[in-house]
Amino acid sequence: TLAAIAVGRMTTSAADFDPQFMRVVVERTVRFGGGYYENAIHNKGPLEPFVYELAARLGGRDGFWFVIAVFALGAALCVGAAAAVVATRVGAARPVAYAAAAAVVAHLTLSESDYAGVLYARNMAVALLTVAVVVALLERCWTSERRRRLAVVAIGAATGLAVQTMLTTPFTATP
């Protein structure tokens, strides 16, 4: 129920200034060809245009912001999962960890904050970094040689995509 409410609310807030610009860039590229860097001044990595193009292809003109809202919910769920994992790692009971996750997801989807309910490049980078943190902290990811290799690949992929998404992310990802 919370997810449906969040997606419904976010379809109206998702069309902020930066996302509107990215939609125009993607629509130009889809219609006229070329690359994202030829069609606009774009100082971010390839992830943001790829996500917006995926939304354009999945949702079409009418469902575009709905798909973006679903993606923003997915990013919020990543951050919420990280909050729960960190809470349990520092000794919180599971109900407290789940409450923390729910509070984080509610804040990132339903609050009036500038970064809530939208899918900026920084929201994508944060979601990717939280995926890396979750994989790093979950003990079951490190129980066998095969799982360790998959964990290293997942952490590397998430961190690598985050670093390419925002110019300042390498400073965050380095530790």
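Higher on the page you've got the structure.
Treat the numbers as computed from the prediction; the structure is a model and nothing was measured.

Participant: Could you give an account of the overall build of the protein, with specific residues and numbers?
Facilitator: The number of helices and strands found in the protein is eight helices and zero strands. With 175 residues in all, the protein has 40% of them scored as buried. Long-range contacts, defined as pairs at least 24 residues apart, comprise 62% of the intrachain contacts of the protein with a sequence gap of at least 6. Summed over all atoms, the accessible surface of the protein reaches about 9800 Å², with 65% contributed by carbon and sulfur.

Participant: If you had to explain the packing of aromatic side chains to someone new, which residues and values would you point to?
Facilitator: Across all of its chains, the model carries two aromatic pairs by this definition. Aromatic side chains Y52 and F64 sit 5.9 Å apart centroid to centroid with 45° between the ring planes, which places their arrangement in the tilted category. Both rings, one in F64 and one in W65, keep their centres 4.7 Å apart while their planes meet at 85°; by these two values the pair is edge-to-face. Of the residues examined, F64 reaches a relative accessible area of 1% and is grouped as buried. For W65, a relative accessible area of 13% corresponds to the buried category. Aromatic rings pair up to connect Y52, F64 and W65 into one cluster.

Participant: Requested: an account of helix α5 (residues 94–110), with residues and values cited.
Facilitator: With 17 residues, α5 extends 23 Å from end C-alpha to end C-alpha; this agrees with the ideal 24 Å at 1.5 Å per step. Taken residue by residue, α5 has A97, A101, V105, L108 and T109 as its buried positions. Each buried residue of α5 lies within a common arc of 90° when the element is viewed along its axis, so the set occupies one face.

Participant: Describe a positive patch on the surface, listing the residues and the values that go with them.
Facilitator: A cluster of basic residues, R94, R140, R146 and R147, forms a positive patch at the surface. By relative accessible area, which is 40% here, R147 ends up partly exposed.

Participant: Outline the nonpolar core, supporting the account with residue identities and numerical values.
Facilitator: Judged by nonpolar contacts, the single largest core of 24 residues is most densely connected at Y52, F64, I68, L119 and M124. For this core, the secondary structure elements donating two or more residues are α2 (17–32), α4 (47–89), α6 (121–137) and α7 (145–165). It is α4 that provides the largest number of residues to this core, a total of 10 residues. Contact partners of F64, with chain neighbours within four places excluded, come to R23, Y52, A55, A56 and G59. Of all hydrophobic cores here, the second largest spans eight residues; its members include V7, A76, V79 and V105.

Participant: Go over α7 with me, naming the residues and quoting the values.
Facilitator: Between its first and last C-alpha, α7 extends 30 Å over 21 residues, near the 30 Å set by a 1.5 Å rise per residue. For α7, the set of buried residues is A151, A158, T159, A162 and T165. Buried residues of α7, viewed axially, fall in a sector of 125°; they line one side. Turned more than 90 degrees away from the buried face of α7, the exposed residues are R146, R149, V152 and V153.

Participant: Outline the packing of α6 against α7, supporting the account with residue identities and numerical values.
Facilitator: Contact pair α6 / α7: the axes reach a minimum separation of 8 Å and the direction vectors enclose 160°. In terms of axis orientation, α6 runs roughly antiparallel to α7. α7 is crossed by α6, and the crossing has left-handed handedness. For the pair α6 and α7, the contacting residues are A121, M124, A125, L128, L129, V131, A132, V135 and A136 in the first and A151, A154, I155, A158, T159, L161, A162 and T165 in the second.

Participant: Can you lay out the pattern of salt bridges for me, pointing to particular residues and giving the numbers?
Facilitator: Taken as a whole and assessed by the stated rule, the structure comprises four salt bridges. Across the salt bridge formed by R89 and E139, the nearest N and O atoms sit 3.2 Å from each other. Highlighted residues: R89 in helix α4 and E139 in the loop between α6 and α7, separated in sequence by 50 residues. Judged by relative accessible area, E139 falls into the exposed class, the value being 59%. Between R148 and E145 there is a salt bridge, with its nearest N and O atoms 3.1 Å apart.

Scoring rules and cut-offs
- Residues numbered from 1 in each chain as written.
- Predicted model: local features only at pLDDT ≥ 70, side-chain atom pairs only at ≥ 80, totals over all residues.
- Heavy atoms only, no water.
- Helix = DSSP H or I, 4+ residues; strand = E, 2+ residues; numbered from the N terminus.
- Buried < 20%, exposed > 50% of the residue type's maximum accessible area, 1.4 Å probe, protein only.
- Contact = heavy atoms within 4.5 Å.
- Areas by Shrake-Rupley, 256 points an atom, 1.4 Å probe, with all protein chains shown as cover.
- Phe/Tyr/Trp six-rings, centres within 6.5 Å; stacked < 30°, edge-to-face > 60°.
- Expected span 1.5 Å × (residues − 1).
- Arc of directions from axis to C-beta.
- Patch = residues over 30% accessible without salt bridge, like charges linked within 9 Å, V, L, I, M, F, W, Y side chains within 5 Å.
- Salt bridge = Lys/Arg side-chain N within 4 Å of Asp/Glu carboxyl O.
- Lys, Arg positive; Asp, Glu negative; His and termini not counted.
- Charge placed at Lys NZ, Arg CZ, Asp CG, Glu CD.
- Core = buried A, V, L, I, M, F, W, Y, C linked by side-chain atoms within 4.5 Å.
- Axes fitted to C-alpha atoms, helices over the stretch in contact; angles between N-to-C directions.
- Parallel < 35°, antiparallel > 145°, perpendicular 65-115°, else oblique.
- Left-handed = near helix turned anticlockwise from the far one by under 90°.

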